[in-house]
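Architecture at a glance
The primary structure of each chain is shown beneath.
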Amino acid sequence: MAFRSPSNHRGSRPVTSASTHAESRSRLDRDLEDLRKRELELRKLEEKMKQRVEDLPKEVAEKARRQEEMIKLRAIATATYADGLSRPRDKRHSPSTSSTGSRRMTKPEERSARLQFLLLCAVLAMIMVLLWKSLP
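Residues numbered from 1 in each chain as written. Predicted model: local features only at pLDDT ≥ 70, side-chain atom pairs only at ≥ 80, totals over all residues. Heavy atoms only, no water.

**Thoughts on the overall build of the chain**
Formally: Put simply, DSSP H or I for four residues or longer makes a helix, DSSP E for two residues or longer makes a strand, and each gets a number counted from the N terminus. Partly exposed residues are those whose accessible area sits between 20% and 50% of the maximum for their type, while under 20% is buried and over 50% is exposed, using a 1.4 Å probe and protein chains only. Every accessible area reported is derived by Shrake-Rupley at a probe size of 1.4 Å, with residue values counting cover from the shown protein chains alone.
Secondary structure assignment for the chain yields two helices and zero strands. Counting the 136 residues in the chain, one finds 1% classified as buried. For the chain, the accessible surface area stands at approximately 14200 Å², while carbon and sulfur atoms represent 61% of it.

So this is what it looks like as structure tokens:
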């Protein structure tokens, strides 16, 4: 059976002109140029990545060295018992309490303060009774 063309004529070939060949050629040239640009970008990116991979051990070593230095500085800055010059902070008192020299009273001081409070209460009660009686 013979090949039929879209125009239903036997043996006729589709008409191709020089302009269609030129258009397809220019399109292929553009595609090729785009592919070359993309390849160049990828090669540049590959070079950057290779450089980063080469520099990575140096960066890791530098980071470890800085951490060791910080640990040493912190160890030097913290107070220890062996120093003798500095004492650790007393943690029995909360930081909110003022350090105005307030101390806990001894037993005899507590007794005298209690007695003084009771006497002042008695004096206040007598003043209140006298005021009550003086009202008309």
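Continuing now.
**Section: the pattern of salt bridges**
For clarity, the threshold we go by: Counted as salt bridges are all cases of a side-chain nitrogen of Lys or Arg within 4 Å of a carboxyl oxygen of Asp or Glu.
Evaluation of the coordinates by the stated rule reveals seven salt bridges. Two residues, Glu46 and Lys50, come together in a salt bridge whose shortest N-O distance is 3.7 Å. Placement of both Glu46 and Lys50 in helix H1 (residues 18-77) is noted, with a separation of four residues, approximately one turn of the helix. Classification of Lys50 by relative accessible area gives partly exposed; the value is 43%. Arg65 serves as the salt-bridge partner of Glu69, at 2.3 Å between the closest nitrogen and oxygen. A residue pair is termed a helical-turn pair when its members lie 3 or 4 positions apart in one helix, as Glu69 and Arg65 do in helix H1 at four residues. On the accessibility criterion, Arg65 (38% relative accessible area) is partly exposed. Through salt bridges with shared partners, a single ionic network connects Glu62, Arg65, Arg66 and Glu69.

**So, helix H2 (residues 107-134)**
The line we're drawing: A helix's residues, less one, multiplied by 1.5 Å, set its expected span.
The terminal C-alpha atoms of H2 lie 41 Å apart, and with 28 residues this matches the ideal 40 Å at 1.5 Å per residue to within 8%. Summarising burial for H2: zero of the 28 residues are buried, a small minority.

**So, a positive patch on the surface**
The test is simple: What goes into a patch is any residue over 30% in relative accessible area without a salt bridge, connected to like charges within 9 Å or, for nonpolar side chains (Val, Leu, Ile, Met, Phe, Trp, Tyr), within 5 Å. For this count, His and the chain ends are skipped, Lys and Arg are scored as positive, and Asp and Glu as negative. For the purpose of locating charges, the reference atoms are NZ of Lys, CZ of Arg, CG of Asp and CD of Glu.
A surface patch of like charges, here positive, comprises Arg104, Lys107, Arg111 and Arg114. Tracing the backbone shows Arg114 in helix H2.

Taken by themselves, the reported measurements are silent on function.
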